[in-house]
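Fold and geometry: a report
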Amino acid sequence: MAQAYLTRGKRKVNGSIQIKSAKNSILPIICSTVLQKNDCELILVPKIKDVEELLNVVGLLGITSERVNENLIIHSQNITYSSLDCDFAKNFRASIFLVGAMLTRFKQCEISLPGGCDIGKRNIDIHLDALASLGARYEIVQDVLIFNGKNMHSGVVELRYPSVGATINTIFASLELEGITTIINPAKEPEIKDLASFLNSLGYVIVGAGSKKISIYGRKIFPKPIAYKPIGDRIVAGTLLVLTTILGGEIMLSNIEQDSLEPVIFYLKKVGAKIAKYQNAIYLYSNAKLKPFKIVTGPFPQFPTDMQSIFISLALCCNGKSEIVEKVFEDRFKVVDEFKKFGACIKKRENSIIIEGKKSLNGATVRATDLRAGAGLVLTALTIEDSCEIENIEVIMRGYEDFDKILRTLGQDIKKN
Ligand code: UD1
């Protein structure tokens, strides 16, 4: 049966939360276990749908996994080649990250064209051009991508846009090519740095992740068994910081690298939150008296698109008009119509919205349109005294573990029906 969250809002936030490992680090790391011949233990892995779905996809290659307490152990000893032309891969964008890893391990890959959140076209042309420039051949036959990697070689790959996924695929595809592969204009997201540091711990050599140029010194290795702790999830952390900012109160988050959250922290301070940073922890206090803002999303270190709809909730609580400009995904404002059901006054332009803050909002039943939009709707519901219902919460569970439970720990009135 479809589940929903039921809320009654206007309660202050108080509490501390340990942030689990970042979804966007774990997903490429799971894809890289295609290269493994041993066990890989990942620390503090949240129980979220995206992780479970990707484990189903790699399961088709013989990779198995088990959970031990908070950790995930992945066994790659019995891996064999298989086509990934299947619904699992089709329904899930991150499965495209498997292409580079499979080309390195098997010199071939057959995979359904990927799906993912409903937030725009999500092309893969940059992935395809990058892999082709390293000598991969491909064709698309009835929504299935078929790659041949027999003649691949190292080289210089210049990305016309710093796509996160294309950077991941290029790194994977070049790990064992003879010579040096250089990626110009790669994505600089913290999760790319994290992936490089994971692969370097396996014995690969990747230099420059997080900067304007990444170099991969190709070498054939036998990856060793490894236990690795990915970075904390900056989007989950950012969501809880916004929650506290709009409702007032205080929160302490542990296991979070501040550098990864810098663009978000910058704006939260600007609107009026008080923030103290400690080693791998962040404290935020807010009296909920907030100034309006303007943000423009972009590739890291610019403002993250994944925080954009959560900042709609912030804007609704600011004193005045705020503006959000979306420059990463062209169709990420579908959620605006859902916010309007709460009585929100939001004007949509081509790729930006103007949000009027401090209008009185009413209880309503709304539908989570995608993962982050869903989280944004929950936050706004928690600012409304009347009861609210958020439907289609399965999309929220793709990226937030026990969201309702965490919110209750922080003093909120929310339950799952
Ligand atoms: C990753 C993140 C996602 C985040 C996004 C941007 C994961 C699992 N997902 O997604 O949470 O929102 O980065 O920070 O890590 N594009 C093309 N052609 C391509 C590739 C991308 O046109 O070949 C476009 C996309 O349509 C989009 C933009 O580039 O408009 C950014 O995409 P990309 O950086 O590749 O995002 P993902 O890797 O899909």
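The structure reproduced in this document is the subject of the present report. (Residues numbered from 1 in each chain as written. Predicted model: local features only at pLDDT ≥ 70, side-chain atom pairs only at ≥ 80, totals over all residues. Heavy atoms only, no water.)

1. Let's talk about the overall build of the chain
Counting its secondary structure elements, the chain contains 13 helices and 23 strands. A compact globule built from 417 residues would reach a C-alpha radius of gyration of about 22 Å, and the chain, at 21 Å, matches this within 12%. For the C-alpha atoms alone, the extent of the chain along its principal axes is close to 60 × 45 × 45 Å. Out of the 417 residues in the chain, the part that is buried amounts to 58%. Taking the contacts inside the chain whose residues are at least 6 apart along the sequence as the reference set, 73% of them involve residues at least 24 apart. Of the roughly 16,600 Å² of accessible surface on the chain, 48% is carried by carbon and sulfur atoms. Here the chain carries 53 positive and 45 negative side-chain charges, and the mean point of each set is 5 Å from the other. (Helix = DSSP H or I, 4+ residues; strand = E, 2+ residues; numbered from the N terminus. Rg over C-alpha atoms; globule rule 2.2 N^0.38 Å. Buried < 20%, exposed > 50% of the residue type's maximum accessible area, 1.4 Å probe, protein only. Contact = heavy atoms within 4.5 Å. Areas by Shrake-Rupley, 256 points an atom, 1.4 Å probe, with all protein chains shown as cover. Lys, Arg positive; Asp, Glu negative; His and termini not counted. Charge placed at Lys NZ, Arg CZ, Asp CG, Glu CD.)

2. Overview of the sheet that holds strand 6 (residues 108-112)
The sheet built from three strands is open, its strands ordered 6-8-7 with antiparallel pairing. Of all the strands in the sheet, just strand 6 and strand 7 (137-141) have a single pairing partner and so form its edges. Within this sheet the neighbouring strands show an average axis-to-axis angle of 15 degrees, counted without direction. As paired strands, strand 6 and strand 8 (residues 144-148) are joined by five bridges and run antiparallel to one another. Paired with Ser-112 across the bridge in strand 8 is Val-144. Where helix 4 (residues 98-106) meets the sheet, its contacts fall on strand 6 and strand 8, and the angle it forms with strand 6 comes to roughly 150 degrees. (Pairing = 2+ DSSP bridges. Axes fitted to C-alpha atoms, helices over the stretch in contact; angles between N-to-C directions.)

3. Brief notes about the environment of Ile-26
Along the chain, Ile-26 turns up in helix 1 (residues 23-32). The spacing of Ile-26 and Ile-43 is 17 residues in sequence and 9.8 Å in space, taken between C-alpha atoms. Ignoring sequence-local partners within four residues, the contact set of Ile-26 consists of Ser-21, Leu-42, Val-45, Pro-46, Val-51 and Pro-230.

4. Observations regarding the site of the ligand
Within the structure, the ligand sits among 20 residues, and Asp-125, Ile-126, Ser-163, Asp-306 and Val-328 are positioned closest to it. In the environment of the ligand, an oxygen atom lies 3.4 Å from a nitrogen or oxygen atom belonging to the backbone of His-127. Here an oxygen atom of the ligand sits 2.4 Å away from a polar atom, N or O, in the main chain of Val-328. Of all the elements in the fold, those that place two or more residues in the shell around the ligand are helix 1, helix 5 (125-133) and helix 6 (164-174). Top element by residues in the shell around the ligand is helix 5. It accounts for three residues. Class assignment of the residues belonging to the shell around the ligand gives a composition of eight nonpolar, six polar and six charged. (Near = heavy atom within 4 Å. Polar contact = N/O pair within 3.5 Å; in protein donor to acceptor, adjacent residues only side chain to side chain. Nonpolar A, V, L, I, M, F, W, Y, C, P; charged D, E, K, R; others polar.)

5. Considering the nonpolar core
Counting residues in hydrophobic clusters, the biggest one holds 72 residues, and the most contacted among them are Leu-268, Phe-311, Leu-314 and Ile-396. No other element matches the nine residues that helix 8 (residues 234-247) contributes to this core. Look past the residues within four positions of Phe-311 in its chain and what remains in contact with it is Val-242, Val-264, Tyr-267, Leu-268, Phe-293, Ile-295, Phe-303 and Ile-324. (Core = buried A, V, L, I, M, F, W, Y, C linked by side-chain atoms within 4.5 Å.)

6. Quick notes on the sheet that holds strand 10 (residues 179-184)
Ordered by their spatial adjacency, four strands build an open sheet running 9-10-12-11, and the pairing between neighbours is mixed. The open sheet is flanked by strand 9 (156-158) and strand 11 (206-207), the only strands paired with a single partner. Examined bridge by bridge, strand 10 and strand 12 (residues 213-218) share six bridges and lie antiparallel to one another. Among the inter-strand pairings, Ile-184 is bridged to a residue of strand 12, identified as Lys-213.

7. Some thoughts on the pattern of salt bridges
Within the structure shown, the criterion is met by 16 salt bridges. One salt bridge connects Arg-234 with Glu-191, and the closest N-O pair in it is separated by 2.8 Å. Taken together, the positions of Arg-234 in helix 8 and Glu-191 in helix 7 (residues 190-202) put the pair 43 residues apart, joining distant regions of the chain. Arg-408 is the partner of Asp-404 in a salt bridge, and the nearest nitrogen-oxygen pair spans 3.3 Å. Here Arg-408 and Asp-404 lie together in helix 13 (residues 403-409), a separation of four residues that amounts to about one turn. By relative accessible area, which is 7% here, Asp-404 ends up buried. Judged by relative accessible area, which is 38%, Arg-408 ranks as partly exposed. (Salt bridge = Lys/Arg side-chain N within 4 Å of Asp/Glu carboxyl O.)

8. Things to note about the pairing of strand 8
In terms of strand pairing, strand 7 meets strand 8 through five bridges, oriented antiparallel. Its bridge partner being in strand 8, Val-141 is matched across the sheet by Val-144. Linkage of strand 7 to strand 8, two consecutive antiparallel strands, is achieved through a turn of two residues, within which Gln-142 is found at a positive phi near 45 degrees.

9. A few points about the packing of aromatic side chains
Scanning the entire structure with this criterion turns up nine aromatic pairs. Each ring, one from Tyr-400 and one from Phe-403, has its centre 4.6 Å from the other, and the planes form 35 degrees; the classification is tilted. With a relative accessible area of 2%, Phe-403 lands in the buried category. (Phe/Tyr/Trp six-rings, centres within 6.5 Å; stacked < 30°, edge-to-face > 60°.)

10. Description of the packing of helix 5 against helix 6
At a minimum axis distance of 8 Å, the contact between helix 5 and helix 6 shows a crossing angle of 25 degrees. In terms of their interaxial angle, helix 5 and helix 6 are classed as roughly parallel. The hand of the helix 5/helix 6 crossing is right-handed. Residue-level inspection shows Ile-126, His-127, Ala-130 and Leu-131 of helix 5 in contact with helix 6, the latter providing Gly-165, Ala-166, Asn-169, Thr-170 and Ala-173. Within the contact of helix 5 with helix 6, the residues separate by chemical class into five nonpolar, four polar and no charged. (Parallel < 35°, antiparallel > 145°, perpendicular 65-115°, else oblique. Left-handed = near helix turned anticlockwise from the far one by under 90°.)

11. Structural notes on unusual backbone geometry
Backbone torsion omega between Phe-300 and Pro-301 reads 10 degrees, so that peptide bond is classified as cis. Mapped onto the fold, Pro-301 is located in the loop between strand 17 (294-296) and helix 10 (308-315). Residues other than glycine seldom take positive phi values, yet Lys-10 does so here, at roughly 70 degrees. Note on placement: Lys-10 falls in the loop between strand 1 (4-8) and strand 2 (13-18). Residue Lys-10 is classed as exposed on the basis of its relative accessible area of 56%. Unusually for a residue other than glycine, Leu-44 sits at a positive phi of about 55 degrees.

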